[in-house]
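Geometric and topological summary
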Amino acid sequence: MNQRVSQFMATIKAKNPGENEYHQAVQEVAESLIPFIEENPKYKQAKILERIAEPERTIIFRVPWLDDKGEIQINRGFRIEMNSAIGPYKGGLRFHPTVNLGILKFLAFEQVFKNSLTTLPMGGGKGGSDFDPKGKSDNEVMRFCQSFMTELYRHIGADTDVPAGDIGVGGREIGYLFGQYKRLKNEFTGVLTGKGIEWGGSLIRPEATGYGATYFAEEMLSTRGDGIKGKTVCISGSGNVAQYAAEKVTQLGGKVVTMSDSDGFIYDTEGIDSGKLNFVMELKNVKRGRIKEYTTKYKAEYHEGKRPWGIKCDIAMPNATQNEIDAADAKTLVKNGCICVSEGANMPSTPEAVEVFLNAKILYGPGKAANAGGVATSGLEMTQNSMRLPWSREEVDERLHIIMQNIHKTCVRYGTGKDGYINYVNGANIGGFVKVANAMLAQGLV
Ligand code: NDP
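Residues numbered from 1 in each chain as written. Predicted model: local features only at pLDDT ≥ 70, side-chain atom pairs only at ≥ 80, totals over all residues. Heavy atoms only, no water.

To continue, consider the site of the ligand. Of all residues adjacent to the ligand, which total 25 residues, the nearest are D166, T209, S262, R290 and N346. D166 is positioned such that a nitrogen or oxygen atom in its side chain is 2.6 Å from an oxygen atom of the ligand. At 3.0 Å, a backbone N or O of V241 approaches an oxygen atom of the ligand. With the chains in place, 83% of the 890 Å² that the ligand exposes on its own is no longer accessible. For the shell around the ligand, the secondary-structure elements that each account for two or more residues are α8 (205-222), α9 (240-251) and β7 (255-261). Partitioned by chemical class, the residues of the shell around the ligand number four nonpolar, 14 polar and seven charged. Each of domain 2 (57-189) and domain 3 (208-370) contributes no fewer than three residues to the shell around the ligand. (Near = heavy atom within 4 Å. Polar contact = N/O pair within 3.5 Å; in protein donor to acceptor, adjacent residues only side chain to side chain. Areas by Shrake-Rupley, 256 points an atom, 1.4 Å probe, with all protein chains shown as cover. Helix = DSSP H or I, 4+ residues; strand = E, 2+ residues; numbered from the N terminus. Nonpolar A, V, L, I, M, F, W, Y, C, P; charged D, E, K, R; others polar. Domains from an automatic or database assignment.)

See below:
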């Protein structure tokens, strides 16, 4: 590690003890940015990187709620308002038992660069709770969401901070959260994105992250005169991002052979076609079942407690969670002929795994670029809410597609090395940084 990076990281670690995922996310960005900042002293003198790594505001609150047995439960709620230099804070809410301050700070930090890359006017934030919606009744989820919003509402607003979904927060949860916000504030505004289509949501928002990560893969492949058609694709996860990545890959002529959840993965050598994907969607979104139930209906292998990276594929799309591909998985993927990794999830590859991909010079699209289609379409939802005019499915999809192509162009501009290899990590970090940094310089010491 370069000496400036290690000095910078020593300060970050001392100030944010025990927040390992946060250290990981900041270090990855610092490694790209510090050499760039050395060449551009205006950012160094203004200590832009040091300022970006300190959240503008961190809110932590108690969330008490009553379960179906009448017993009191207490969870912890968070909202990290990371950076508002280029627009209102924007980023999802995650409900998962692993949620803690370090994980949300890593997500909020990444969000700042990602949102900037989209070219839309959105700052960065993230929030959530250690609440686990799995196994809870709809009424329990509703009571939790109402209690969570009873505190959160005072910190957010259509021009201040606009949360969305993430792991464990889908259409059902956004509905309960929005209902409570409206009741408390007595106003109908675009304070959350991912809303239902009848009450202010945007067409294509549910599909956007998975579609966007697939469009990004297609763009990366096109730099080598290639495409998704005819390729075998391993997908992890079976939630929102995974489902729509699988749908778009299939539409573009690829064959998806794996999907997973936190218990294991299924491997269908024939491919998870649109009929089979409908079954997965019903299983996950309505019945809230486990992925292994796929094998009760279709011929497939089920691998308990395993991740899908040992399966031979041309393209890997990690769409579940952080650090789900380690160095050994990355080596296996490369050895088996994988030529492209497009990350639907946030930071799914460990730093050692990323090194394997970059050393092998395969096409590697980091989450902050590849999965930016979700928040970009949230930005389009905000625009439609402000105009009070909904756009058609085709219009939103077209805009999403163009945004992903532009993000790809930005990565190529800032990430192409002397040998012609496109380092999308550098491209996304530097490309995302410049706009935020210039706005911070213009706005004085904020
Ligand atoms: P969902 O809750 O809809 O789905 C998450 C999927 O990942 C589920 O299949 C879940 O399995 C699996 N999963 C979650 N945690 C773990 C874990 N610790 N180990 C193994 N599998 C796990 O979430 P999303 O699809 O919305 O999000 C997936 C990823 O994409 C996250 O990294 C998120 O931050 C990122 N992302 C999401 C965006 C969005 O628009 N939704 C936008 C940009 C990024 P199980 O059901 O067993 O929990």
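All right, on to the pairing of strand β3 (residues 89-95) then. Counted residue by residue, β3 has seven buried out of seven residues, so it is predominantly covered. Pairing of β3 with strand β5 (residues 161-164), which is carried by four bridges, proceeds in the parallel orientation. Considered in β5, the bridge of G92 is made with A164. The handedness of the β3 to strand β4 (residues 124-129) crossover, carried by helix α5 (residues 101-117), is right-handed. (Buried < 20%, exposed > 50% of the residue type's maximum accessible area, 1.4 Å probe, protein only. Pairing = 2+ DSSP bridges. Right-handed = clockwise from strand over helix to strand, strands pointing away.)

Contact pair α8 / α9: the axes reach a minimum separation of 7 Å and the direction vectors enclose 50°. It follows that α8 is oblique to α9 by the angle criterion. Read as a crossing pair, α8 and α9 show a hand that is right-handed. Two secondary-structure elements touch here, α8 through P206, E207, T209, G210, Y211, T214 and Y215 and α9 through N240, V241, Y244, A245, E247, K248, V249 and Q251. Across the contact of α8 with α9, the residue classes break down as seven nonpolar, five polar and three charged. (Axes fitted to C-alpha atoms, helices over the stretch in contact; angles between N-to-C directions. Parallel < 35°, antiparallel > 145°, perpendicular 65-115°, else oblique. Left-handed = near helix turned anticlockwise from the far one by under 90°. Contact = heavy atoms within 4.5 Å.)

Now for empty space enclosed by the protein. Summed over the entire model, instances satisfying the criterion amount to one cavity of 30 Å³ or more. Along its surface, the largest cavity is lined by R4, I37, Y43, K44, K47, I48, L49 and E50. Mapped onto the lining of the largest cavity, the elements with two or more residues apiece are α3 (41-45) and α4 (48-52). Residue composition of the lining of the largest cavity, grouped by class: four nonpolar, no polar and four charged. (1 Å grid on protein atoms, 1.4 Å probe; cavity = no way out; pocket = protein on both sides within 12 Å on 5 of 7 lines; lining within 4 Å. Points joined across faces, edges and corners; volume = space filled by probe spheres on them.)

By size, the foremost hydrophobic cluster in this structure holds 52 residues, and its most contacted members are F216, I235, M259, M317 and I407. Ranked by residue count, the leading element in this core is α8, at eight residues. When residues of this core are assigned to domains, at least three fall in each of domain 2 (57-189) and domain 3 (208-370). For I235, the residues in contact, after removing those within four places along its chain, are A242, A245, A246, V256, T258, M259, S260, P308, M317 and N319. (Core = buried A, V, L, I, M, F, W, Y, C linked by side-chain atoms within 4.5 Å.)

This part is about the environment of F433. Checked against the element boundaries, F433 lands in helix α16 (residues 424-442). Sequence spacing of F433 and V249 is 184 residues, and the spatial spacing of their C-alpha atoms is 30 Å.

Let us now look at the pattern of salt bridges. Where charged atoms from two side chains of opposite charge come close, those side chains can pair. Per the counting criterion, the structure on display carries 25 salt bridges. Two residues, R94 and D166, come together in a salt bridge whose shortest N-O distance is 2.6 Å. Here the residue R94 occupies a position in strand β3, and D166 occupies one in the loop between β5 and α7 (171-185), the gap between them amounting to 72 residues. Each member of the pair, R94 as well as D166, is classed as buried. A salt bridge links K361 to D419, with the nearest nitrogen and oxygen atoms 3.1 Å apart. Pair noted here: K361 is in the loop between α12 (351-359) and β12 (363-365) and D419 is in the loop between α15 (393-415) and α16, with a separation of 58 residues, a long-range link. On the basis of relative accessible area, K361 is assigned to the partly exposed category, the value being 40%. Bridged by salt links that share partners, the residues D261, D263, K284 and R290 form one connected network. (Salt bridge = Lys/Arg side-chain N within 4 Å of Asp/Glu carboxyl O.)

This part covers a nonpolar patch on the surface. On the surface, L66, I72 and I74 cluster together to form a nonpolar patch covering roughly 310 Å² of accessible area. Checked against the element boundaries, L66 lands in strand β1 (residues 57-66). Given the relative accessible area of 41%, L66 is considered partly exposed. (Patch = residues over 30% accessible without salt bridge, like charges linked within 9 Å, V, L, I, M, F, W, Y side chains within 5 Å.)

Relative to the 27 Å expected for 19 residues at 1.5 Å per residue, α16 spans 27 Å between its end C-alpha atoms, a close match to the ideal helical length. The axis of α16 is deflected most strongly, by about 25°, at V434. Burial analysis of α16 places 14 of its 19 residues in the buried class, the great majority of the element. For α16, the side-chain oxygen to backbone nitrogen distance between the N-cap and V425 is 3.0 Å, and the N-cap itself is N423. Once α16 finishes, G444 follows within two positions and takes phi at roughly 80°, a positive value. (Expected span 1.5 Å × (residues − 1). Bend = angle between axes of the 7 residues up to and from the residue.)

So, about the sheet that holds β5. Strand order in this open sheet of five strands is β1-β2-β4-β3-β5, and the pairing throughout is mixed. Two strands bound the open sheet, and with one partner strand each, they are β1 and β5. Adjacent strand axes in the sheet meet at a mean angle of 20°, parallel and antiparallel pairs treated alike.

Turning our eyes to something else, we now look at the domain arrangement of the protein. By a widespread convention, an interface's size corresponds to the accessible area lost as its parts come together. If you check the domain split of the protein, you get domain 1 (1-54 + 426-446), domain 2 (57-189) and domain 3 (208-370). Between domain 2 and domain 3, the C-alpha centre-to-centre distance is 27 Å. Facing the 13 residues of domain 2 at the interface are 11 residues of domain 3. Interface area, domain 2 with domain 3, both sides summed: about 990 Å², of which 48% is carbon and sulfur. Considering only the surface of domain 2 that becomes buried against domain 3, F106, E110 and K114 emerge as the three largest contributors, covering 44% of it. Our enumeration of links across domain 2 and domain 3 arrives at one salt bridge. The salt bridge partner of K368 is E110, with a shortest N-O separation of 3.2 Å. Joining domain 2 to domain 3, the criterion identifies three residue pairs in polar contact (both at pLDDT 80 or more). A per-element tally of the side of domain 2 that touches domain 3 places α5 first, with seven residues. (Buried area = accessible area lost by both parts, 1.4 Å probe.)

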